[in-house]
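So you can see what is in the structure, the chains are spelled out below.
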Amino acid sequence: MKIKDIMERFDFEQVVVTNADRTITGGYTSDLLSDVMANAQEGQVLITIQAHKNSIAVATLIGMPAIIICNTRPVPEDMIEAAEKESIALFRTQKNQFEVSGILYQEFMRK
Amino acid sequence: MDVIQQAVNAGPILELIYQLKVSDVMTRNPETISIHATMREAQKKMRERGITGLPVLDDSRLVGIVSIGDIIDAFDAGEIDAPVKTYMTTSVVTLEDDMPLSYAITYVNKYQYRRYPVINKTGMLSGIITATDIIKALLVAMNSEFTKLEALAKNDNKPNVNENGILESLQFPTVKYDFEHAGTASTELKNTLKKYGFANTVIRRASIVSYELELNQIIHSDGGYMQYTISNKGVEILARDRGPGIQDIQLALREGFSTANDWIRSIGFGAGLGLPNARKSSDEFSIDSSTRGTLVRAFIFAQLREL
């Protein structure tokens, strides 16, 4: 699956997308950034409510191509700028982490 | 408010707003008024003390704030003898005394109120802060800070880059509570390791170690620096800070143990995973800590693809 598939198949709000052709290998759901650091894998989407710049830093270090912000948490301007700079896709949705994880999990299991 | 925003954009002052706490800047033991007082009593107190707002207390709990504007409203309605309760603002935006000053500045810009009551950990009123307090404190702190920065710049002695096998040495300062720049040092390290063609697993492990140690300095220390020495053998990561030191290193290394406070936890840190993660991802790991500072040394062996 690619970032553009996320754009097409789900009704997530697209905050920043500059890397539509990047491939996604799965997802990791967590609000603890140290946990993400320790356990997420390169290529996975980060599903979280941590809408701030530090999530971009973690995603950059791990090599996660996209972040989905749940519960319509407000996304600050400096986070958007950081996402653009690091070429990380940023989505937002009113769904919670459980729902988003479920949707993506099904999508990945289909293949 | 523009004055503050401009000051914040002025480089070195940025560091100050993370180092200073709300409690360093606020006015302690501010004048207050009881919820059972009248608006006339509030007006009298403001005139006598030359102030324009009063936190309203019920017993010792903060329940609202009454301003000159509220006094005028009461006069206007011919109700100056009405209880404070009727005219006070109840939706009070408060700050916590251990927050960095940067939060206070953000609040001033975001809410446009003149004054923000400060509460302590137990929810009691411990002070009040205004935009004027912030500007004054920044001006006072600037002088001593510039002197300190100059001294620090002189003391930065970088290791010998020409020594055998060393590819590159990097050094980055960290500043307490500067979450804005958290990860900058680690991202630079990652990019440099990529440039030299280190294996992905090595890059990943070095990134984890570096990020956790960098974050620890930002969350727990009085600031310091991250130093990387990249050689054919691997990556040496030194995290050195200026204190206050780790009280119990064994406890700090235990997964789930953390001394971070609530607002740090609310942004996804302080879960007690940092040091254990860093140690797990290192081939060599040691901590040396006293009240004067902590030095963490980690080494990750290289598996170079080609060099």
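Residues numbered from 1 in each chain as written. Chains lettered and ligands numbered in written order. Predicted model: local features only at pLDDT ≥ 70, side-chain atom pairs only at ≥ 80, totals over all residues. Heavy atoms only, no water.

(A) Broad picture of unusual backbone geometry. Of note, the amide linkage connecting G243 of chain B to P244 of chain B takes the cis form, showing an omega dihedral of 10 degrees. Here P244 of chain B shows up in the loop between β10 (234–241) and α11 (249–252). In this structure, N71 of chain A takes a positive phi of about 60 degrees despite not being glycine. Mapped onto the elements of the fold, N71 of chain A is located in the loop between β4 (66–69) and α4 (77–86). With a phi angle near 60 degrees, Q112 of chain B is a residue other than glycine that sits in the positive phi range. Structurally, Q112 of chain B is set in the loop between α7 (101–111) and β6 (115–119). (Helix = DSSP H or I, 4+ residues; strand = E, 2+ residues; numbered from the N terminus.)

(B) Quick peek at the side chain of D241 of chain B. Residue and element names in this part refer to chain B. For D241, the position within the fold is in strand β10. Notably, D241 is buried but unbridged: the nearest opposite-charge side chain belongs to R242, and the N-O separation is 7.9 Å. Engagement of the side chain of D241 in a polar contact is seen with the backbone nitrogen of G243, the distance being 2.8 Å. (Buried < 20%, exposed > 50% of the residue type's maximum accessible area, 1.4 Å probe, protein only. Lys, Arg positive; Asp, Glu negative; His and termini not counted. Salt bridge = Lys/Arg side-chain N within 4 Å of Asp/Glu carboxyl O. Polar contact = N/O pair within 3.5 Å; in protein donor to acceptor, adjacent residues only side chain to side chain.)

(C) Expanded view of the sheet that holds strand β3 (residues 44–48) of chain A. All names here are of chain A. One open sheet accounts for 5 strands, arranged β1-β5-β4-β3-β2; its pairing is mixed. What marks the edges here is a single partner per strand, and that holds for β1 (13–16) and β2 (26–29). Along the sheet, successive strands turn relative to each other by an average axial angle of 25 degrees, direction set aside. Sheet analysis places β1 next to strand β5 (residues 89–92), joined by 3 bridges and oriented antiparallel. Bridge pairing links V16 to L90 in β5. Here α4 sits on the sheet and contacts β1, β4 and β5; the angle it forms with β1, its principal contact strand, is near 75 degrees. (Pairing = 2+ DSSP bridges. Axes fitted to C-alpha atoms, helices over the stretch in contact; angles between N-to-C directions. Contact = heavy atoms within 4.5 Å.)

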